[in-house]
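This is what each chain is made of:
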Amino acid sequence: MTLQALPGLGSVRFRRLVDHFGSPGAALQANATEFADLAGKRAAAARRRAVLAARADEMIAQCRASGIGLLVYGTPGYPSSLEALRGPPSVLFFVGRPELLHGRCVAVVGSRRATAYGRRIARRLGAHLAGTGSCVVSGMAMGIDAEAHRGALPGPTAAVLGSGVDVVSPPRNASLYRRILESGVIVSEYAPGVRAEPHHFPARNRIIAALATDVVIVEASNRSGALITADIALDLGREVHAVPGPIDRPTSAGTNRLIVDGAGVIVDTGPGDAFPGAEALPAEHDLRTLLLAVPPAPVTLEELARVTKIPVEDVATSVTVLEIRGYLTPTRDGRVMRTPGRRVTDPS
């Protein structure tokens, strides 16, 4: 708590210090010059201020009194999935069951201004995923997020807030907040008492994307924050899925565009598993190499040849085999993309 409170020390530098010195405590006791090289001059100058340690003690005491737990980067219990982020939260505050963050998590997010269709699908998806044992992760916002949580309850669900975990945001979701506490977990990188601010939500979205193995966008306009979550998820190598919607509704413009760009299409909310377990990669080395080189978005054979350094005629032959086996799907413009909804793992 003392380390992350140093001026000019964001989550990226916090991670750099902990990775280098082994722990937050070791970083605080490190050589002044070495510390300054990694943390910056402002943080180095403030490191020995007793007031920072006193404030940290006070914050920890307040958390204990309120039943709020802390998960600290670089210590046991911190969700390993968040380590995929360049700047994971230095401290993650929580109330409820943090063990849910270590199991399979699927994010379901979307528009605050959801339609009746979107709300219904989000709730059904939440119920289906929780019924299969997945923890449903969302942001407890009005609309799609709230419905996904409601569908998951009383099963496992995790709400990631853009405020402190003791601040119900938005206030209209107070009853949902209490229900999540009964069987789920509420987390935030913001200290208790911190109110939600607009600039908190993009940072909140990166946590949602990192916690999940799959991210489902139910409804989103072309400028929706849910698309930020989708972009982050793709950058982290997560699978992104989208629910198709009417082409004349703004709330479906973003999700339909995701599908055009190669996102997996959700066409069922149960009883079958909408998110089948990952299948093994092809046994053949050349096919495996090519498949792993295919990005989430559609790609040309020439681009694949350039990335893999495989002759384009050999790429074309391998792509045909992968299409026959169901790993790849051709697009109308002659490119190929991963088959929507199908995930693979490398057995090696």
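As shown above, the structure is provided for reference.
Conventions adopted
Residues numbered from 1 in each chain as written. Predicted model: local features only at pLDDT ≥ 70, side-chain atom pairs only at ≥ 80, totals over all residues. Heavy atoms only, no water. Helix = DSSP H or I, 4+ residues; strand = E, 2+ residues; numbered from the N terminus. Rg over C-alpha atoms; globule rule 2.2 N^0.38 Å. Buried < 20%, exposed > 50% of the residue type's maximum accessible area, 1.4 Å probe, protein only. Contact = heavy atoms within 4.5 Å. Areas by Shrake-Rupley, 256 points an atom, 1.4 Å probe, with all protein chains shown as cover. Pairing = 2+ DSSP bridges. Axes fitted to C-alpha atoms, helices over the stretch in contact; angles between N-to-C directions.

Asker: Just to check I follow, could you spell out the overall build of the protein for this structure?
Answerer: In terms of helices and strands, the protein carries 14 helices and 13 strands. Over its C-alpha trace the protein gives a radius of gyration of 22 Å, about what one expects of a compact globule, namely 20 Å for 348 residues. Along the longest, intermediate and shortest principal axes, the C-alpha atoms of the protein span 65 × 50 × 35 Å. Within the protein, the fraction of its 348 residues that count as buried is 50%. Summarising the internal contacts of the protein: among those between residues at least 6 apart in sequence, 67% fall at separations of at least 24. By element, 53% of the accessible surface of the protein is carried by carbon and sulfur atoms, the whole surface being about 16,100 Å².

Asker: Sorry if this is basic, but what is going on with the sheet that holds strand β3 (residues 105–109) here?
Answerer: Backbone hydrogen bonds hold the strands of a sheet together, and the pairing may be parallel or antiparallel. Read from one edge to the other, the open sheet built from nine strands follows the order β1-β2-β6-β5-β4-β3-β7-β8-β9, with strand pairing classed as mixed. The outermost strands of the open sheet, each flanked by one partner alone, are β1 (69–72) and β9 (264–265). Strand direction decides the pairing type here: β3 and strand β7 (residues 214–217), joined by four bridges, are parallel. For Val109, the partnering residue across the bridge sits in β7 and is Ile217. Along the sheet face, helix α6 (residues 116–131) touches β3, β4 (135–138) and β7 and points at about 140° away from the line of β4.

Asker: Help me understand the environment of Pro89 in this model?
Answerer: Topologically, Pro89 is positioned in the loop between β1 and β2 (91–96). Setting aside residues no more than four positions away along its own chain, Pro89 makes contact with Tyr73, Tyr78, Leu82, Glu189, Arg206 and Ile207.

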